[in-house]
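# Understanding the architecture of this molecule
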Amino acid sequence: MAPTRTLLSGLLGAALLLPVLPGAHADDARTIDGRTVEYHGLRLTVPDGWRVVDLDRNPDACLRLDLPTLYLGHAGTQAACTGRAVRTRADTLHLEPLDGAPPRADIPTVAVDDDRGAPPATRGDSNEVRYALRRSGVMATLSYGTGPEAVRGLLARARTAAAPAPGPPPATAVVAALAGPRTVQEPYTGQGFDACAAPTQRTMDTWRETSPFGAVGIYIGGRARACAQPRLTAGWVRRQAEAGWHLMPIWVGPQPWRSSTTGLSTDPSRAGEQGSEAADGAADAARSLGLPEDTLLYNDLEHYTDRATWDAPVVAYLSAWTVRLHERGYRSAAYVAARSGAKALSAHHHRAPEAMPDVLWVAAWNGRDSVADEDMGLPEGTEQWAGRRRAHQFRGDHDATYGDVTIKIDRSRVDLDTRGRPGHST
């Protein structure tokens, strides 16, 4: 049975109003500035401008991180998700019952007995943290832009409407690579896809049998990540690896645009520092998800048009990302646009080949299922990233159906042999 929730008058218009569910007790809730939500015994005031999304009633809804939103209930299929990187991160709060909350490994979880005593959490590069509120039996996931203080304040001001028995202990992820698969990146040539949110197990199983895909890109973190990943656990990673999927873990760090929350510095020196920080965040997330050392981790860096401004910081950022990942025992890959990032890296390749990403994945939505030099945005006849170290995203956001399952994806040609030592780049 869905937990009791009541949304009182004053919320964002009829399109977002949550009706009182059967068995709910509207009289138990108070109107606070006309914007009061009761959920699982918690009453809180929703800030002006926030959406309220009932995930039980909208199972395909996407947990977007770029719109101020209160999400209620366990995430569903997230079939409506799209996007890779967002220019602005918003404050969001996701409340769901502790019972059934997934043991996420990509963000920290802090167990709290007193709902109003949530301690400050260690800030991570993904700008997310979870509090397991045992007294209310609620898992609260906070996402934030510049800092977590505003969302923590919203949660701290919540009042417990009743005093239920303490909820079950929060599910905890196994934070040890030894618990994960030995490898998730056997050599692979063929098509791959990526989706904003980790697909359901039913989708993965159905597509493994009916689609042309053998590789899947999954967004494991980063401050510019567009969608929350409530389904992404070490268990999810292990199940896909065991089923034979070639996994392409993607980190969405600072981007070549001007933004106080997701922007890359135009100063190459500072951009290099950001690259090292991103590598540490990605390596920590990968380890928590059970991805073993020597796994290729991809940095998603979106297209830019002002190459005079951004080429130098982009190269500095991805070079530092590569060097730091090698120090951490992982290997480096970069997802860049053929008309910008790929050309910047190619032009710099001869100056510091040891700091170049081990694998290049380019976006050029030309419909050509190929990793030829032209389609990669590379000079004709080049040896750069030759020898099965390329991927080409040749079709962007589109709905794809295999079996009876439809999701929105990007589609790529993948030609990778990832065996070898970290740091070996020719």
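Just above, that's the structure.
### Digging into the overall build of the protein chain
Secondary structure summary: the protein chain contains seven helices and 18 strands in total. Taking all 426 residues of the protein chain together, the buried fraction comes to 59%. Across the protein chain, every contact between residues at least 6 apart in sequence was considered, and the portion connecting residues at least 24 apart equals 69%. When the accessible surface of the protein chain is summed, it comes to about 16600 Å², and 50% of that surface belongs to carbon and sulfur atoms.

### Notes on the side chain of Thr-295
Note that Thr-295 resides in the loop between α4 (268–288) and β14 (296–300). Residue Thr-295 is classed as buried on the basis of its relative accessible area, which comes to 4%. Among all residues touching Thr-295, those that are not within four sequence positions of it are Val-184, Gln-185, Pro-249, Tyr-330 and Arg-331.

### Some details on the sheet that holds strand β5 (residues 69–72)
Judged by pairing direction, the sheet is mixed, and its six strands sit side by side in the order β4-β5-β6-β9-β8-β7 without closing on themselves. Bordering the open sheet on either side are β4 (51–54) and β7 (109–112), each of which pairs with just one other strand. Each adjacent strand pair in this sheet contributes to an overall mean axis angle of 15 degrees, direction not counted. Summarising the sheet, β7 and strand β8 (residues 128–133) pair through four bridges and their orientation is parallel. The partner of Val-110 across the bridge, within β8, is Tyr-131. On top of the sheet, helix α1 (residues 149–156) reaches β6 (92–97), β8 and β9 (138–143); it is set at about 155 degrees to β9, its chief contact.

### What about the pattern of salt bridges?
Within this structure, the stated rule accounts for 25 salt bridges. Close ionic contact of Asp-397 with Arg-84 constitutes a salt bridge, the shortest N to O distance being 3.7 Å. With a gap of 313 residues between them, Asp-397 in strand β17 (residues 389–402) and Arg-84 in the loop between β5 and β6 connect regions that are remote in the sequence. Overall, the relative accessible area of 39% leaves Asp-397 in the partly exposed class. Arg-84 sits in the buried class, given a relative accessible area of 11%. Between Asp-106 and Arg-225 there is a salt bridge whose closest N-O contact spans 3.1 Å. Highlighted residues: Asp-106 in the loop between β6 and β7 and Arg-225 in the loop between β12 (213–221) and α3 (234–242), separated in sequence by 119 residues. Of the two residues examined, Asp-106 and Arg-225, each falls in the buried class. Through salt bridges with shared partners, a single network forms among Asp-280, Asp-284, Arg-324, Glu-327 and Arg-328.

### Side note on the pairing of strand β3 (residues 42–45)
Looking at chain direction, strand β2 (residues 36–39) and β3 are connected through four bridges and run antiparallel. Opposite Val-37, over in β3, you have Leu-44 as the bridge partner. Linking β2 to β3, which pair antiparallel, is a turn of two residues; within it His-40 sits at a positive phi near 55 degrees.

Calculation rules
- Residues numbered from 1 in each chain as written.
- Predicted model: local features only at pLDDT ≥ 70, side-chain atom pairs only at ≥ 80, totals over all residues.
- Heavy atoms only, no water.
- Helix = DSSP H or I, 4+ residues; strand = E, 2+ residues; numbered from the N terminus.
- Buried < 20%, exposed > 50% of the residue type's maximum accessible area, 1.4 Å probe, protein only.
- Contact = heavy atoms within 4.5 Å.
- Areas by Shrake-Rupley, 256 points an atom, 1.4 Å probe, with all protein chains shown as cover.
- Pairing = 2+ DSSP bridges.
- Axes fitted to C-alpha atoms, helices over the stretch in contact; angles between N-to-C directions.
- Salt bridge = Lys/Arg side-chain N within 4 Å of Asp/Glu carboxyl O.

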